[in-house]
Amino acid sequence: MRPDSHALIVIDAQVDFCPGGRLAVADGDAVMPPINALMADFPSVVLSQDWHPADHASFADNHPCKAPFETVEAPYGTQVLWPAHCVQGTAGAEFHPALNANRADLVLRKGFRPGIDSYSAFQENDRATPTGLAGYLRERGLTDLTFVGLATDFCVRWSAVDAVASGFRASVILDACRAIDLDGSLDAALAEMRGAGVEILG
Ligand code: VGL
Ligand code: ZN
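Residues numbered from 1 in each chain as written. Chains lettered and ligands numbered in written order. Predicted model: local features only at pLDDT ≥ 70, side-chain atom pairs only at ≥ 80, totals over all residues. Heavy atoms only, no water.

If you look the protein chain up in an unreviewed UniProt entry, it shows as Nicotinamidase from Albimonas donghaensis. Taken verbatim from the UniProt record of the protein chain, the Pathway (unreviewed entry) comment is "Cofactor biosynthesis; nicotinate biosynthesis; nicotinate from nicotinamide: step 1/1." According to the UniProt record, the Sequence similarities (unreviewed entry) comment for the protein chain reads "Belongs to the isochorismatase family." (UniProt positions renumbered as here; feature names shortened; annotations may be inferred.)

Novice: Can you help me understand the packing of helix α3 (residues 152-165) against helix α4 (residues 185-196) in this one?
Specialist: Helix packing geometry: the angle between the two helix axes and the distance between the axes. Direction vectors running N to C along α3 and α4 enclose 10 degrees, while the axes themselves pass 10 Å from each other. Taken together, the axes of α3 and α4 lie roughly parallel to each other. Facing Thr152, Asp153, Phe154, Arg157, Ala160, Val161 and Val164 of α3, the residues of α4 in contact are Ser185, Leu186, Ala188, Ala189, Glu192, Met193 and Ala196. (Axes fitted to C-alpha atoms, helices over the stretch in contact; angles between N-to-C directions. Helix = DSSP H or I, 4+ residues; strand = E, 2+ residues; numbered from the N terminus. Parallel < 35°, antiparallel > 145°, perpendicular 65-115°, else oblique. Contact = heavy atoms within 4.5 Å.)

Novice: Would you mind going over the pattern of salt bridges with me for this structure?
Specialist: Two side chains bearing opposite charge may form a pair once their charged atoms approach each other closely. Using the criterion set out here, one finds 8 salt bridges in the structure. Linking Asp144 and Arg169 is a salt bridge whose minimum nitrogen-to-oxygen distance equals 2.8 Å. Of this pair, Asp144 sits in strand β6 (residues 144-150) while Arg169 is found in strand β7 (residues 169-178), placing the two residues 25 residues apart along the sequence. One network of salt bridges, in which partners are shared, links Asp12, Asp50 and Lys110. (Salt bridge = Lys/Arg side-chain N within 4 Å of Asp/Glu carboxyl O.)

Novice: Where do I start with the confidence of the model for the protein chain in this structure?
Specialist: Detailed conclusions should not be drawn from predicted coordinates in areas where pLDDT is low. Per-residue pLDDT for the protein chain averages 98, and the proportion of residues at 70 or more is 100%. The ipTM for the predicted assembly is 0.98, set against a pTM of 0.98. (pLDDT = per-residue confidence, 0-100.)

Novice: Can you help me understand the coordination of the zinc ion (ligand 2) in this one?
Specialist: Each donor-metal-donor angle would ideally measure 109.5 degrees in four-coordinate tetrahedral geometry, or 90 or 180 degrees in six-coordinate octahedral geometry. Taken together, the protein donors to the zinc ion (ligand 2) comprise Asp50 (OD), His52 (NE2) and His85 (NE2), at separations of 2.0 to 2.2 Å. Classification of the site at the zinc ion (ligand 2) as irregular follows from its 4 donor atoms and the range of 88 to 168 degrees in their angles at the metal. In primary sequence terms, the donor set of the zinc ion (ligand 2) follows D-x1-H-x32-H. Judged by relative accessible area, which is 0%, His52 ranks as buried. (Donors = N, O, S within 2.8 Å, 3.2 Å for Na, K, Ca; no water. Tetrahedral: all angles 85-135°; square planar, octahedral: opposite > 155°, others 65-115°. Buried < 20%, exposed > 50% of the residue type's maximum accessible area, 1.4 Å probe, protein only.)

Novice: It is not clear to me how the site of ligand 1 should be interpreted in this structure. Could you clarify?
Specialist: By nearness alone, every residue bordering ligand 1 is listed as Asp12, Phe17, Leu23, Asp50, Trp82, His85, Tyr119, Leu150, Ala151, Phe154, Cys155 and Ile180. Measuring from an oxygen atom of ligand 1, one finds a backbone N or O atom of Leu150 at 3.2 Å. With respect to ligand 1, the backbone of Ala151 contributes an N or O atom lying 3.0 Å from an oxygen atom. (Near = heavy atom within 4 Å. Polar contact = N/O pair within 3.5 Å; in protein donor to acceptor, adjacent residues only side chain to side chain.)

Novice: Mind showing me how you'd approach α3 here?
Specialist: Note on helix geometry: an α-helix contains 3.6 residues per turn, so any two residues three or four positions apart are oriented the same way. Its 14 residues place the ends of α3 18 Å apart at the C-alpha level, agreeing with the 20 Å of an ideal helix rising 1.5 Å per residue. Where α3 is buried, its residues touch β1 (6-11), β5 (106-110), β6, β7 and α4. Once α3 finishes, Gly167 follows within two positions and takes phi at roughly 95 degrees, a positive value. (Expected span 1.5 Å × (residues − 1).)

Novice: When you look at the environment of Ala40 in this model, what are you seeing that I'm missing?
Specialist: Turning to its location among the elements, Ala40 is positioned in the loop between α1 (32-39) and β2 (44-50). For Ala40, a relative accessible area of 55% translates into the label exposed. Separated by 122 residues in sequence, Ala40 and Asp162 have C-alpha atoms that sit 25 Å apart. Not counting residues up to four positions away in its chain, the partners in contact with Ala40 are Met1 and Arg103.

Here is the structure:
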């Protein structure tokens, strides 16, 4: 067991990001067994859950004449448009059935504001609206964070980089992550995380 100050942060291990889901990540379900195994090493476990209203601004369906994976200029900058996914209360928004979600101390929902996406579990895509996770972790004395889950190049990336920016130590275990890899986004994510001081582990 790792020290009490260590937490495993499981990002968006949900049905819609796995094969058969609305925004399927190739081989996404393969992360569940290693994540369940890692849980045994960590005194604290937090799960993030992508949790969008049906009218969410990140859904291509909500933009006339736009297709998934095109971009749009949101008030806060460029936003990728996604197939509708992780809609609140739907089966696709649930944790993958193979994930040991019962181990979680906290389930942190994000992306619930219709007008703002939230890749990071710490801060929404406007880079101004906090989710409250940093305060929760600080209050519990959790300083060393290990990130796993989906997807490496979006929600894991932004969460790990924001963790370092918020003063936490952060590492990512790639074996327990899978990527969307949109136009080189995986390589860019790995470079950005390393540059930010995130420890990248196999
Ligand atoms: C994610 C795109 C949109 C993720 C969530 O979990 O990486 N990516 N919503
Ligand atoms: Zn999303």
